[in-house]
Amino acid sequence: MRFGILGPLEVTGAAAPADGRREPSYAPQAAKLRVVLGTLLIRANEVVSVESLIDELWPDAPPRTATTTLQVYVSHLRKTLQSADPDNGREALVTRRPGYLLRVGADALDALAFEDLYRRGHQALQASDFATAADLHRRALALWRGPLLSDTPHGPVLEGAAVRLAEARTGALDERIRAELHLGLHRELVAELQELVAEHRMHEEFHTHLMVALYRCGRQAEALRVFTTLRQTLVEELGIEPGPSSSRLRQRILEGDPALARAGGRAAGPSAVTVGPAGTTAAAGRDPGHDGLPAAVADTADGSVTGAAGWSAALGALPAADPCFTGRTEELAELERLLRTAPAGGCVAVTGMPGAGKTALAVEAAHRVADAFPDGRLFLDLRGGAGPGLPPSAGPVLDRLVRASGAPGAAPADGAAADPRLLLVLDGVGSETEVRPLLPALRGAVVLLVARRVPAGLPGLRSVLLGAWRPDEAQRLVGLFTGRAGTRSGTLGTTAALDAGPGLGPDTVAEIAELCGRLPLAVRTAAAQLAARPHWTAAVLADRLRDEGGRLDVLRTGDVDVRSRLLDAYAACPDPQRRAFRLLSLLPPGRFGARQAAAALDLTEPQASAALEALADERLVAVDRDGCRLPELLRLLAVERLALEDPPEVVRAAAERVCRAYADGAAERGRVSDSGARGLVRLARTAYGAGLWALTVRLTDALAGWVPDDAEAVYALALDAARRCADRSAQARMRRSLGELAWQYRRVERAYELFSGALELAREAGDEEEAARALVGLAELRLDGGESAEAAALLESALAALSAPGRARGRYEASRARALLALAQEGRESARAWFGECLELAGALRDQRLEVYALRSLRALSLPPRGGSGPASRAVEIRPGLWRIDPVAVPANPL
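Calculation criteria
Residues numbered from 1 in each chain as written. Predicted model: local features only at pLDDT ≥ 70, side-chain atom pairs only at ≥ 80, totals over all residues. Heavy atoms only, no water. Pairing = 2+ DSSP bridges. Helix = DSSP H or I, 4+ residues; strand = E, 2+ residues; numbered from the N terminus. Axes fitted to C-alpha atoms, helices over the stretch in contact; angles between N-to-C directions. Contact = heavy atoms within 4.5 Å. Phe/Tyr/Trp six-rings, centres within 6.5 Å; stacked < 30°, edge-to-face > 60°. Buried < 20%, exposed > 50% of the residue type's maximum accessible area, 1.4 Å probe, protein only.

Chemist: Could you clarify how one ought to interpret the sheet that holds strand β10 (residues 347-352) in this entry?
Modeler: The pairing of strands in a sheet comes from backbone hydrogen bonds and takes either a parallel or an antiparallel form. Taken in spatial order, the 5 strands line up as β11-β12-β13-β10-β14 in an open sheet, and their pairing is parallel. Two strands close off the open sheet at either side, each with one partner strand: β11 (377-381) and β14 (462-466). Sheet twist, expressed as the mean angle between neighbouring strand axes with direction ignored, is 15°. In terms of strand pairing, strand β12 (residues 422-429) meets strand β13 (residues 445-451) through 6 bridges, oriented parallel. Bridged to Leu424 within β13 is Val447. In the packing of helix α12 (residues 329-341) onto the sheet, the strands contacted are β10, β12, β13 and β14, and the crossing angle to β14 comes to about 165°. Against the sheet, helix α13 (residues 358-368) touches β10, β11, β12, β13 and β14, its axis set at about 160° to β13.

Written out as structure tokens, the structure reads:
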């Protein structure tokens, strides 16, 4: 089954007719059905919400029955798809909250095929493989049969997609013509270009292509007339002049530049360099196909390009744009804005933690602002020096580089500011001392610095800070694992997921990205690992990454080692900052503040704040308005270095300070959040490993009813710690907690044993409150077994003991159990009174989870009894999120 949307809607069957006749079309005739199918195809393999489909069907005023009507349309579409593909058609359209999803193969939709061919053609053009680029773009354009879904009404989704794909179609056409100009096909292009400039009267690129084609055909006067027509159109309709590129091309035609008459059809590898007007250096394939070599630059015998000053331009060539560049939409837009508005001599910096993709962002931005820098964009990696600074010849080399590119080496004599004409990307900047001596030679350029730290002290510096990918960007990363990522493809991973392979779905990729801390270098390394090991599945990779102790070992392939990159940043810091970085690894993952850092570092809070700021400057700690955190992979590195570099007694003392600070903080706050509780569990294990028995108990007590995934193991450790410090009350609490878990898992005999042991220990310790809570556990076991009278007696004793002040949590549990007993024996009014008391106690405890449970129970009691005999009608919520179905001694339909 195949679909066509690049023109009128087409749906063809899974098998071609045996007699060779034209395939019948299964496209629905009704306009509304075409709207639904077209919208699902535009977002193929994505869930399209019911609301989006309703907006598309009825943009102005949907009817009251819109949802029901949409369901009818979907049912009709399923029948249509089944007719086209009897085996799999109906299953292709699935219901998935909050809407519907249409599964479409990568080669079954013309729009997906177009975007794939366009992406590959763009990459071939970047690599100067002009024949391949032209062929791929021709094939992409041949898929179009007319405007997008030309026989289908357009709502907001289809209208937006039509604009996007029409722009992509124009881009493919532009790049095909560029490639064919490089191949010397200017005569064949003249007629087509004349038609294009008549249709696109304000599209400058098509006009410049026609000017070049005519010039190469010996029709110089006609080429100049094209520019005159373009200028008249722009001035009359928009009040603007043609851009610098068009004006420079006109000047070259007027001068009869012989270099412009030569086609650039020579194929080149991905690292080839072209030199354009005034010596502009650029990655091969980026030029429009009509930039020749100026007089100041000549080809050398070995094929390299040498400027007038004798400097090799290839050394300063901007790397080709990364076809797999993904995400960073906001940062890229901000960086592009800063570069376009920077004055001559201005500096812009991209900074961030190691592995965040700073260089990739800088190169991508440099390619996007090409039109703003007519004399070129150059690249220099400063990490090639032998020492921490630049070699003495760096200044003269850069000066020759600027002069070879035709950019002014100094400001105008009258001191007037000139527009910048050159962009210089300096990668691997260690400090402002490396850059400051170079600035006098770069006063006519804008300098883009790539550095881990902000090179403070440079006048007028503006910067963009990079961290990890945002969570929403993680949804776009499937393409990194299939080689189909990149913002230029238009789908950002949607189509990539179609052939992602077994187990490589968005959820698995999102987990892998999280385990990599959403750090671009780490995610790319994980993808490379998977590609290098065909016998691995994505699930195998995720499983290996879940092991914190070996995660950095997994993130190493070829000459790329994530640990090594992180270690470089760590090694560059002074000793006090390295020590602070190591000790902060004792804090649980997630956000922390100066108070927690002070405990780890054994400093006052002001001193800890200063230490955190210093680490943030080194990009070893991430800081925002909500607090600080160690990025995930840096945290694992800090754990490794702490074990290797610090004595055990130092680590134990720091762990004790951290555990005590978190236990104190939990006692002040009352109930902790889910993330806070997970941190307490981790610290409880740390305390147990360090032999801090009392702190192990305190941290486990602070969970206050929160149940971790490995709850039994956590409470078992705390029970052992309580035994080791001879705390009978703590032993009773841990046995009771284990008893509650055993009861929930329906291990009744084990639960009875644990509750009885807890009761005995509490009485031996004289802990009346804990003894009463053990009685509540035993009462629930009796109630669960249908022994209501025995349960009532136990609860009466427990409630009496828990009526004293300061025992609200125990009183809540007893009242909850008493409400369930009332529901079984006394009726709904009595149960309502007890649940009302639960609500008051939950408010006093400031425990939202318990409060919501009490409200939910009261609301259920206010409704009429539910009819029916199914499990749902016999279910009782006995604890928050825990339901019992058809319990003994509880009449049917109690709630």
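Chemist: Just to check I follow, could you spell out the packing of aromatic side chains for this structure?
Modeler: Aromatic ring pairs are reported here in terms of the distance separating the ring centres and the angle at which the planes meet. If you walk through the whole model with that rule in mind, you get 6 aromatic pairs. Between Phe835 and Tyr853 the ring centres are 6.1 Å apart and the planes differ by 75°, which places this aromatic pair in the edge-to-face class. Placement of Phe835 in helix α34 (residues 828-845) and of Tyr853 in helix α35 (residues 848-862) is noted, with a sequence separation of 18 residues between them. According to the relative accessible area criterion, Phe835 is buried, its value standing at 1%. An aromatic cluster of three or more residues is present, and its members are Phe114, Tyr118 and Trp144.

Chemist: Can you walk me through helix α2 (residues 50-57) in this structure?
Modeler: For an α-helix, 3.6 residues make a turn, and residues three or four places apart therefore share a direction. Counting buried residues in α2 gives 6 out of 8 residues, a clear majority hidden from the surface. Along its buried surface, α2 packs onto α1 (31-42), β3 (47-49), α3 (66-84), β5 (99-102) and α7 (156-182).

Chemist: Can you help me understand the sheet that holds strand β4 (residues 93-96) in this one?
Modeler: Strand order in the open sheet formed by 3 strands is β3-β5-β4, and the pairing between neighbours is antiparallel. Strands at the two margins of the open sheet, each flanked by one partner only, are β3 and β4. Adjacent strand axes in the sheet meet at a mean angle of 30°, parallel and antiparallel pairs treated alike. Pairing geometry for β4 and β5, over 4 bridges, is antiparallel. The residue bridging Val94 from the neighbouring strand is Leu101, located in β5. α2 rests against β3 and β5 of the sheet, and its axis sits at about 65° to β3. Sheet contacts for α3: β4 and β5; angle to β4, the most-contacted strand, approximately 145°.

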